[in-house]
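As a plain string of letters, each chain reads:
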Amino acid sequence: MNLSRLKNSYLTHIKIHIESQNPDSKLIRDFADRWFAYYKQGPFLNKNNRERWFNGLHADKLSDEERNALLQMHFISKDALNAIKKQSKTKLIKDHSIPIKKISEILLQQKGNPLEKNIEQLLLKFYSLGVITFEEDLKLNQIKLKSRMPEDWDGDAVFARYDKAGIKKAKL
């Protein structure tokens, strides 16, 4: 199985999505999540080299592979790291620090015939995964930042939602 080719196939899917100006961000979520798994490889792929999904995680029930992958994500909150270390019953959330809807908007701004390498550069800049607790996810929801960036977002700070919600990044 050629993992690089699989990674590139998802960039091609995103390219076609952009060219069609399809506003359905659910497809971008699927393509970008799969691209990232093949880009990172290691614990982001299962033993069959398929994408590992991070749904319904509890800190006390993580496999070694899941724990390793979570600790390699772009952002892990202090509370999430503490829960992982203590193996507490805390529910963990894999979160896109910039919501996929916003990433989709950024990608759709690419006019004409974008190159896969340019799409990948945008993903490397804006596609960031966070590990937060269920309670921290509720905070994002309460301040209406569950699926959007803050009104005053500068277009660069990928963790701006967490900053607004007072979610602190752990030091690994």
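Here the structure is a predicted model, which is why all the values come from computation and not from measurement.

Ranked by size, the top nonpolar core spans 53 residues in total, and within it Ile14, Leu70, Leu92, Ile103, Leu107, Leu123 and Tyr127 carry the most contacts. Here this core gets seven residues from one element, more than from any other, and that element is helix 2 (residues 25-40). Setting aside residues up to four positions removed in sequence, Ile14 forms contacts with Ile28, Phe31, Ala32, Leu107, Ile119 and Leu123.

Summed over all chains, the structure comprises 14 salt bridges. Among the ionic pairs, Arg34 bridges to Glu51, the shortest N-O distance being 3.0 Å. One end of the pair, Arg34, is in helix 2; the other, Glu51, is in the loop between helix 2 and strand 1 (57-58), and 17 residues separate them in sequence. Taken as a pair, Arg34 and Glu51 share a single burial class, namely buried. Residue Asp95 is joined to Arg161 by a salt bridge in which the shortest nitrogen-to-oxygen separation is 3.0 Å. Taken together, the positions of Asp95 in strand 3 (residues 91-96) and Arg161 in helix 8 (residues 160-165) put the pair 66 residues apart, joining distant regions of the chain. We classify Asp95 as buried; its relative accessible area is 7%. Sharing partners across several salt bridges, the network here consists of Asp30, Arg34 and Glu51.

What follows deals with the pairing of strand 4 (residues 129-133). With five of five residues buried, strand 4 is to be regarded as a mostly interior element. The side-chain alternation of strand 4 yields two buried faces, one formed by Leu129, Val131 and Thr133 and the other by Gly130 and Ile132. Sheet analysis places strand 2 (residues 75-76) next to strand 4, joined by two bridges and oriented parallel. In the sheet register, Phe75 faces strand 4, and the bridge partner there is Gly130. As judged from the five bridges shared by strand 3 and strand 4, these two strands associate in the antiparallel manner. Paired with Asp95 across the strands is Gly130, a residue of strand 4.

Next up on the list: the packing of aromatic side chains. Under the defined criterion, the tally for this structure stands at eleven aromatic pairs. An angle of 90° between the planes, with centres 6.0 Å apart, marks the rings of Trp35 and Tyr127 as edge-to-face. Of the two residues, Trp35 sits in helix 2 while Tyr127 sits in the loop between helix 6 (116-126) and strand 4, which places them 92 residues apart along the sequence. Residue classification places Trp35 among the buried residues on the basis of a relative accessible area of 0%. Of the aromatic side chains, those joined through ring pairs into one cluster are Trp35, Phe36, Tyr39, Phe44, Phe54 and Tyr127.

As a further point, take the sheet that holds strand 1. Judged by pairing direction, the sheet is mixed, and its four strands sit side by side in the order 1-3-4-2 without closing on themselves. This sheet does not close on itself; its edge strands, each paired only once, are strand 1 and strand 2. Pairing analysis gives two bridges linking strand 1 to strand 3, with the strands arranged antiparallel. The residue bridging His58 from the neighbouring strand is Lys91, located in strand 3.

Conventions adopted
Residues numbered from 1 in each chain as written. Predicted model: local features only at pLDDT ≥ 70, side-chain atom pairs only at ≥ 80, totals over all residues. Heavy atoms only, no water. Core = buried A, V, L, I, M, F, W, Y, C linked by side-chain atoms within 4.5 Å. Buried < 20%, exposed > 50% of the residue type's maximum accessible area, 1.4 Å probe, protein only. Helix = DSSP H or I, 4+ residues; strand = E, 2+ residues; numbered from the N terminus. Contact = heavy atoms within 4.5 Å. Salt bridge = Lys/Arg side-chain N within 4 Å of Asp/Glu carboxyl O. Pairing = 2+ DSSP bridges. Phe/Tyr/Trp six-rings, centres within 6.5 Å; stacked < 30°, edge-to-face > 60°.

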